[in-house]
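Fold and geometry: a report
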Amino acid sequence: MRLVPTLLCTAALSAAVIVSPVAVADQQLAASMCDYVAANDRNRLRKVLSDYRLRLRNIYDGVVCNGEPLIRHAFRSNAPDVGEFIVRQLPGSQVADSGDIAWAESNGFADSPLLAALKDRAGQ
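The name given to the protein chain in an unreviewed UniProt entry is DUF3718 domain-containing protein, and the organism recorded there is Arsukibacterium tuosuense.

1. A short note on the packing of helix 2 (residues 42-51) against helix 5 (residues 80-89)
It is at 9 Å that the axes of helix 2 and helix 5 come closest, and there the two elements cross at 40°. Contacts from Arg-42, Leu-45, Arg-46 and Leu-49 in helix 2 reach Asp-81, Val-82, Phe-85, Ile-86 and Arg-88 in helix 5. In terms of residue class, the contact of helix 2 with helix 5 is made up of five nonpolar, no polar and four charged.

2. A word on the nonpolar core
One finds Met-33, Leu-45, Leu-70, Phe-75 and Ile-86 to be the most contacted residues of the largest nonpolar core, which totals 33 residues. Those elements giving two or more residues to this core turn out to be helix 1 (3-38), helix 2, helix 3 (56-59), helix 4 (70-76), helix 5, helix 7 (100-106) and helix 8 (113-122). Dropping the residues within four chain positions of it, Phe-75 is found in contact with Trp-103, Ala-104, Phe-109, Ser-112, Leu-114, Leu-115 and Leu-118.

3. Things to note about the state of the cysteines
In protein structure, a disulfide is the covalent linkage between the sulfur atoms of two cysteines. Counting across every chain of the model gives one disulfide. Across the disulfide, Cys-34 is cross-linked to Cys-65 (sulfur-sulfur distance 1.9 Å). Measuring the twist about the S-S bond at about -85°, one finds the Cys-34-Cys-65 disulfide to be left-handed. With a gap of 31 residues between them, Cys-34 in helix 1 and Cys-65 in the loop between helix 3 and helix 4 connect regions that are remote in the sequence. Judged by relative accessible area, which is 11%, Cys-34 ranks as buried. Exposure remark for Cys-65: the relative accessible area of 1% places this residue in the buried category.

Conventions adopted
Residues numbered from 1 in each chain as written. Predicted model: local features only at pLDDT ≥ 70, side-chain atom pairs only at ≥ 80, totals over all residues. Heavy atoms only, no water. Axes fitted to C-alpha atoms, helices over the stretch in contact; angles between N-to-C directions. Helix = DSSP H or I, 4+ residues; strand = E, 2+ residues; numbered from the N terminus. Contact = heavy atoms within 4.5 Å. Nonpolar A, V, L, I, M, F, W, Y, C, P; charged D, E, K, R; others polar. Core = buried A, V, L, I, M, F, W, Y, C linked by side-chain atoms within 4.5 Å. Buried < 20%, exposed > 50% of the residue type's maximum accessible area, 1.4 Å probe, protein only. Disulfide = S-S within 2.5 Å.

Put into structure tokens, the structure is as follows:
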């Protein structure tokens, strides 16, 4: 009679232990990506994406740096090389719908080469 609750409890605890390291790894990966964007290090960003077999378009919405998406973080960090790499990896429709162009223009980045790349990718 006590076997079923014991098995259920053991299964729940095992699942909690297995799932927790993945969340920590994801946070560390996102933090590394944010650091590479801030350092304008396109090669290291490409390497981490390659090592983990990730496509930027698939994870872009889930990575936030200081409360901002990667593109806006690239603007604030003055990282045009990494920013252009990110823009090239995203679909044009996603770039157009993101609102990043209007955000960049309203925050004083009108003369940035990254803004030109955004507009080009969005078809504007």
